[in-house]
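# Structural characterization, general
Listed here are the chains, written in short residue letters.
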Amino acid sequence: MEVDQSLTETSVPPTFKATISKQPFYYFAIELLGTSSMEITPAQYFEYIQFVLKQWLGDVGAGMPVEVLDVRACEANIRVPFDKYKQVWQALTLIPFKLSDGTTARLQVLRGSAFAMGLALGSRQAGF
């Protein structure tokens, strides 16, 4: 924070300026739709995400850094570079794929936030 010293004694008191820098990451809470109640591992989630990114964005999408942070049943929290989050969001919601058992599945974005705490609880969930 810096103090604005350009004011004289007869004017209003000094003001403070705060700058919030651009966030390096964007966080998604996603859900895998179209599965029975089979257990999904973080490695499987990563494989599905890489597949849809490659289908939507080609080799550029396949090389995009995506981290699977947490997996609970068919839901997961992932982290992607902030400047690529729109392309990732498009790929996650538009591209269906086949699971190992042959069923068709897709990913759904439940929540997205520039801050990891933004995934903790959605504003439309009970108890907020």
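These lines cover the structure that appears in this document, whether it is placed above or below. Small disclaimer: the values here were computed from a predicted structure and weren't measured.

Procedures and definitions
Residues numbered from 1 in each chain as written. Predicted model: local features only at pLDDT ≥ 70, side-chain atom pairs only at ≥ 80, totals over all residues. Heavy atoms only, no water. Helix = DSSP H or I, 4+ residues; strand = E, 2+ residues; numbered from the N terminus. Buried < 20%, exposed > 50% of the residue type's maximum accessible area, 1.4 Å probe, protein only. Contact = heavy atoms within 4.5 Å. Axes fitted to C-alpha atoms, helices over the stretch in contact; angles between N-to-C directions. Parallel < 35°, antiparallel > 145°, perpendicular 65-115°, else oblique. Nonpolar A, V, L, I, M, F, W, Y, C, P; charged D, E, K, R; others polar. Arc of directions from axis to C-beta. Core = buried A, V, L, I, M, F, W, Y, C linked by side-chain atoms within 4.5 Å. Salt bridge = Lys/Arg side-chain N within 4 Å of Asp/Glu carboxyl O. Phe/Tyr/Trp six-rings, centres within 6.5 Å; stacked < 30°, edge-to-face > 60°. Pairing = 2+ DSSP bridges.

Turning to the overall build of the protein chain, a few remarks are in order. When helices and strands are counted, the protein chain shows three helices and seven strands. Mapped from its N terminus to its C terminus, the protein chain presents α and β elements in the order β-β-β-α-α-β-β-α-β-β. Residue burial in the protein chain is summarised as follows: out of 128 residues, 30% are buried. Put simply, 58% of the contacts in the protein chain that link residues at least 6 apart link residues at least 24 apart.

So, on to the packing of helix H1 (residues 42-57) against helix H3 (residues 85-94). Here H1 crosses H3 at 105°, and the two axes come no closer than 9 Å. Here H1 is positioned roughly perpendicular relative to H3, judged by the angle of their axes. Where H1 abuts H3, its residues Ile-49, Val-52, Leu-53, Trp-56 and Leu-57 lie against Gln-87, Val-88, Gln-90, Ala-91, Leu-92 and Leu-94. Counted by class, the contact of H1 with H3 contains nine nonpolar, two polar and no charged residues.

Even without being glycine, Ala-73 reaches a positive phi, approximately 55°. Within the secondary structure, Ala-73 is located in the loop between strand S4 (67-72) and strand S5 (75-81).

Take H3 next. Looking only at H3, the buried set comprises Tyr-85, Val-88, Ala-91 and Leu-92. Take H3 and look down its axis: the buried residues cluster within an arc of 125°, on one side only. Residues of H3 that are buried make contact with strand S3 (25-33), H1, S5 and strand S7 (104-113).

This next bit is on the nonpolar core. Residues Phe-28, Ile-30, Leu-32, Tyr-45, Ile-49, Leu-92 and Leu-107 are the most contacted members of the largest nonpolar core, which totals 28 residues. If you list the elements that add at least two residues to this core, you get S3, H1, S5, H3 and S7.

The next thing to look at is the pattern of salt bridges. The full count for this structure, using the stated rule, is four salt bridges. The shortest N-O distance in the salt bridge between Asp-70 and Arg-72 comes to 2.3 Å. Overall, the relative accessible area of 41% leaves Arg-72 in the partly exposed class. Bridged by salt links that share partners, the residues Asp-70, Arg-72 and Glu-75 form one connected network.

Our focus in this paragraph is the packing of aromatic side chains. Here the structure, examined in full by the defined rule, presents eight aromatic pairs. Seen from their ring centres, Phe-82 and Tyr-85 are 5.3 Å apart, and the 45° between their planes marks the pair as tilted. What makes Phe-82 partly exposed here is its relative accessible area of 23%. Each residue in the set Tyr-26, Phe-28, Phe-82, Tyr-85 and Trp-89 is aromatic and connected to the rest through ring pairs, giving one cluster.

A few words on the sheet that holds S3. Here we have five strands laid out as an open sheet, ordered S4-S5-S3-S7-S6, and antiparallel in their pairing. Either end of the sheet is taken by a strand with one partner, and the two such strands are S4 and strand S6 (97-98). Pairing between S3 and S5: seven bridges, direction antiparallel. Pairing of Ala-29 across the sheet is with Asn-77, part of S5. Packing against the sheet, H3 makes contact with S3, S5 and S7, and its axis sits at approximately 0° to S3.

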